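Structural characterization, general
As a plain string of letters, each chain reads:
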Amino acid sequence: MKFSDGYWEVPAGYKPLLAAQAYDIQTADDNLTVYAPTKVVNGRGDTLNQPVITFHYSSPMENVIKVRMYHHKGRVPKGPSFEIKPQPAPEVTVTSDEQGATLTSGRLSVRVNKGKKWLVEFKDGDKVITGSGWRAAGVVDTPDGRFAHEQLDLDVGELVYGLGERFTPFVKNGQIVEIWNEDGGTSSQQSYKNVPFYMTNRGYGVFINHTERVSMEVGSENVERVQFSVAGEELEYFVIYGPSPKEVLERYTALLGRPALPPAWSFGLWLTTSFTTYTDEEVVNSFIQGMADRKIPLSVFHVDSFWMKEFNWVDFKWNKQMFPDPVALIARLKSFGLHICQWINPYVAQQSSMFDEGVAGGYLVKRPNGDIWQWDMWQAGMAIVDFTNPAACEWFASKLREQIDLGIDSFKTDFGERIPTEAVFFDGSDPLKMHNYYTYLYNKTVFETLLEKRGEGEALVFARSGTAGSQQFPLHWAGDNTGSYASMAETLRGGLSLALSGFSFWSHDISGFEWTATPDLYKRWSAFGLMSSHSRLHGNESYRVPWVFDDEASDVLRFFTNLKCRLMPYLFDVACQSHQTGVPFLRPMLLEFPEDPTCDFLDRQYMLGDALLAAPVFSPKGDVEYYLPAGRWTRFLTGEVVEGGRWLRENHGYFSMPILVRPNSVVAVGNNEDRPDYDYPSGVTLHVFELEDGREAAFSVPTQRGKAALTGVVSRQGQEIRVEVQVGTQGWQVLLRGISSVESVNGGQSQASESGTLLTPGQDSTRLTVRLAAV
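Residues numbered from 1 in each chain as written. Predicted model: local features only at pLDDT ≥ 70, side-chain atom pairs only at ≥ 80, totals over all residues. Heavy atoms only, no water.

All right, on to empty space enclosed by the protein then. In this structure the tally under the stated criterion is 4 cavities of 30 Å³ or more. Of the voids in this model, the largest cavity is the one considered here, and its volume is about 50 Å³. (1 Å grid on protein atoms, 1.4 Å probe; cavity = no way out; pocket = protein on both sides within 12 Å on 5 of 7 lines; lining within 4 Å. Points joined across faces, edges and corners; volume = space filled by probe spheres on them.)

See below:
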């Protein structure tokens, strides 16, 4: 939302009331309060008949500064509010001198100027990170009401990222962004998952602590600043300092919550019935048998909306015409070793048996006149479950428990974006604030029900909508994309933006939800999909089983599914890291290479954890262009070593894509290519890549419950490589990739292989020392 007309003017009917000077600064042991008139005070008369904007600075955790700005504070507060996780009290110092006052937490300080010029600077020592200056902060009266806004400075070359799952350009500079959840697909500026958090390539992030609509002008209204505004009299935000981008996300997710660890089985291949396709037991059985006949490992089968009868969504009753014996169907699916996901939404059609229950119990959202809020979009006479009512949550959860008891393992928590603003909620929540926040309560209810029934490490939703904090309830998928290369690329942009908004686990509909992809696109997208944290085949009007595309599609899908299963000891360790730190599974390049300015812009490639680089092929001819940071990288599939620090242009067949391993890395590879959930330490091979003299690389192989089962370090000094295991003793091997021979091995035996030298430790050995052959 814009409040100016160019540099000098304001639009007709607009009256800005902006902080002009820090007239009075009150210091305490751990906070600062600043009173800022909207005109400079030159005499006593200037203290009359003018507004004052109040600023309160404090620190909820080290390297984070909270700013609360308000004009009139007498309004009655209404929720909902984001749940900020309490942190250990930081050591805060407050100082004041003739020029200004400073509050410091860790390396981050806020400095407020005492002169007759409004100036606030956020600093690391003498280095200014960002700041708020002339005409930056205050309130503005407009024909549409009063709005509070802040503008924070952008430095030369500073780039902005995040703000949720956005399919627009990855770098947000120049964009106008509305933090307002909408069901708009992947090809528009709208977003299913709006998050009022951004971070920049200057080592800090900003979280705007408002659940209602936040209007962002990212170097747009004022190209030198990021502006954010909300309706009303006050504004609250947090400046979160790293200084590394990973540390920014670690601190942000400490405040807003880190993801639960998804179950290991969920990382395998998912297949669905698709949406509007004809689906009954015969079709389901043919899909499962077809995948088994083609030896394509399948982990999860998802039954979409029409498991219930049309016009009844949701009633949690199986459509007996299509599925006459759901107990037997579930048993058959389980006999194939499958887990089962089931589609739901938070809406209740008028024809559903749950509608009258919801009315009688007071479980549905109402209109201001007391009527049930209803409309005919999506489902006829549809109402909305009121998750602010604890009794409604329990009612909805009781329906979920019935399905879980039948054998359902997960729920696809679809929708949750179109929440009305002319509505009344049980707890009196402000409907403008509830619009974005509703999805949090919806998914929290479903996730906690699964947690109650399945236990820790087994709960999982497959959610479309989200907001700040929703990352605690994995996982999320990109919504309705289309079968085109352009949509494949925009889908990845959305995932990269979501990763820089605090979300760790993410999926997308392989080959697109809308349209039917060409066989070529299906195969390319299969590679991308399997090189994501979670991998799902799903469509709208046509099936997504590979054999309906061509015979080779089955082979390609099998190849990359097998590859992902073999990589699970490494990938699940990455998942454990995400669970513990909040650093995402799929990582934009700048997270791993913040000192390489080329990586600031890259949106067609990514890192899986800290070791694997993946660059999907977005061309029917197989052409791909990607950037390789400095160092000697190794192609995982072929073993070829490639020198980085440059762009590469290549052509790849369907059984290949750029998957390269960072130098000085250890990638744990398992001995099972048929399923994602197995005993990872048993028979694991530790692949060591381009270990440089004087460097060391740590490794960790978890159990399926996320506990470290095998940990250690590989180090190199000159021609000597040492492998030291700290936890775990048996069942592991080491493969020195690209090293064809060794001079000697102490603590085990060596054997030449196509990929390098395989080292097998002696019984109960925890250390290997290898002398490399002279080159």
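Next comes the rest of the account.
We now examine the pairing of strand β14 (residues 176-179). Where burial is concerned, the two faces of β14 differ: the one with V177 and I179 is buried and the one with I176 and E178 is not. Strand direction decides the pairing type here: β14 and strand β17 (residues 214-218), joined by 4 bridges, are antiparallel. Each residue of the ladder has a partner; that of I176, found in β17, is E217. (Buried < 20%, exposed > 50% of the residue type's maximum accessible area, 1.4 Å probe, protein only. Helix = DSSP H or I, 4+ residues; strand = E, 2+ residues; numbered from the N terminus. Pairing = 2+ DSSP bridges.)

This part is about the packing of helix α9 (residues 551-566) against helix α10 (residues 568-581). Between α9 and α10, the least distance of the axes is 5 Å, while the angle of their chain directions is 65 degrees. Residues K564, C565 and R566 of α9 form the contact with α10, whose own contacting residues are M568, P569 and L571. Grouping the amino acids of the contact of α9 with α10 by side-chain chemistry returns 4 nonpolar, no polar and 2 charged. (Axes fitted to C-alpha atoms, helices over the stretch in contact; angles between N-to-C directions. Contact = heavy atoms within 4.5 Å. Nonpolar A, V, L, I, M, F, W, Y, C, P; charged D, E, K, R; others polar.)

Moving on to a nonpolar patch on the surface. Residues Y7, W8 and W134 make up a contiguous nonpolar surface patch of roughly 460 Å² in combined accessible area. Relative to the helices and strands, W8 is located in the segment before β1 (15-18). Judged by relative accessible area, W8 falls into the exposed class, the value being 66%. (Patch = residues over 30% accessible without salt bridge, like charges linked within 9 Å, V, L, I, M, F, W, Y side chains within 5 Å. Areas by Shrake-Rupley, 256 points an atom, 1.4 Å probe, with all protein chains shown as cover. Salt bridge = Lys/Arg side-chain N within 4 Å of Asp/Glu carboxyl O.)

Let's shift gears to the pairing of strand β8 (residues 108-113). Look at any regular strand and the pattern is simple: side chains alternate between the two faces of the sheet. Across the 6 residues of β8, 5 count as buried, placing the element largely inside the fold. Between strand β7 (residues 100-105) and β8, which pair antiparallel one after the other, the connecting turn spans 2 residues, and G106 there sits at a positive phi close to 65 degrees. Relative to strand β9 (residues 120-124), β8 is paired through 5 bridges, and the arrangement is antiparallel. Among the inter-strand pairings, L108 is bridged to a residue of β9, identified as D124. What sits between β8 and β9 in their antiparallel hairpin is a turn of 6 residues.

Spatial ordering of the open sheet is given by β37-β38-β42-β45-β44, a layout of 5 strands whose pairing is mixed. In this open sheet, the two strands that pair with only one neighbour each are β37 (665-669) and β44 (748-753). For this sheet the average axis-to-axis angle between neighbouring strands, irrespective of direction, equals 25 degrees. As paired strands, β37 and strand β38 (residues 684-689) are joined by 5 bridges and run antiparallel to one another. Looking at the pairing, V669 lines up with T685 of β38. The strands touched by α10 are β37 and β38; relative to β37, the strand with the most contacts, the crossing angle is about 115 degrees.

Next up on the list: the nonpolar core. If you look at the biggest cluster of nonpolar residues, it comprises 192 residues, and the most contacted ones within it are F396 and V667. The leading source of residues in this core is helix α6 (residues 431-454), at 9 residues. Membership of the second largest hydrophobic core comes to 46 residues, among which are L17, A22, V160 and V226. (Core = buried A, V, L, I, M, F, W, Y, C linked by side-chain atoms within 4.5 Å.)

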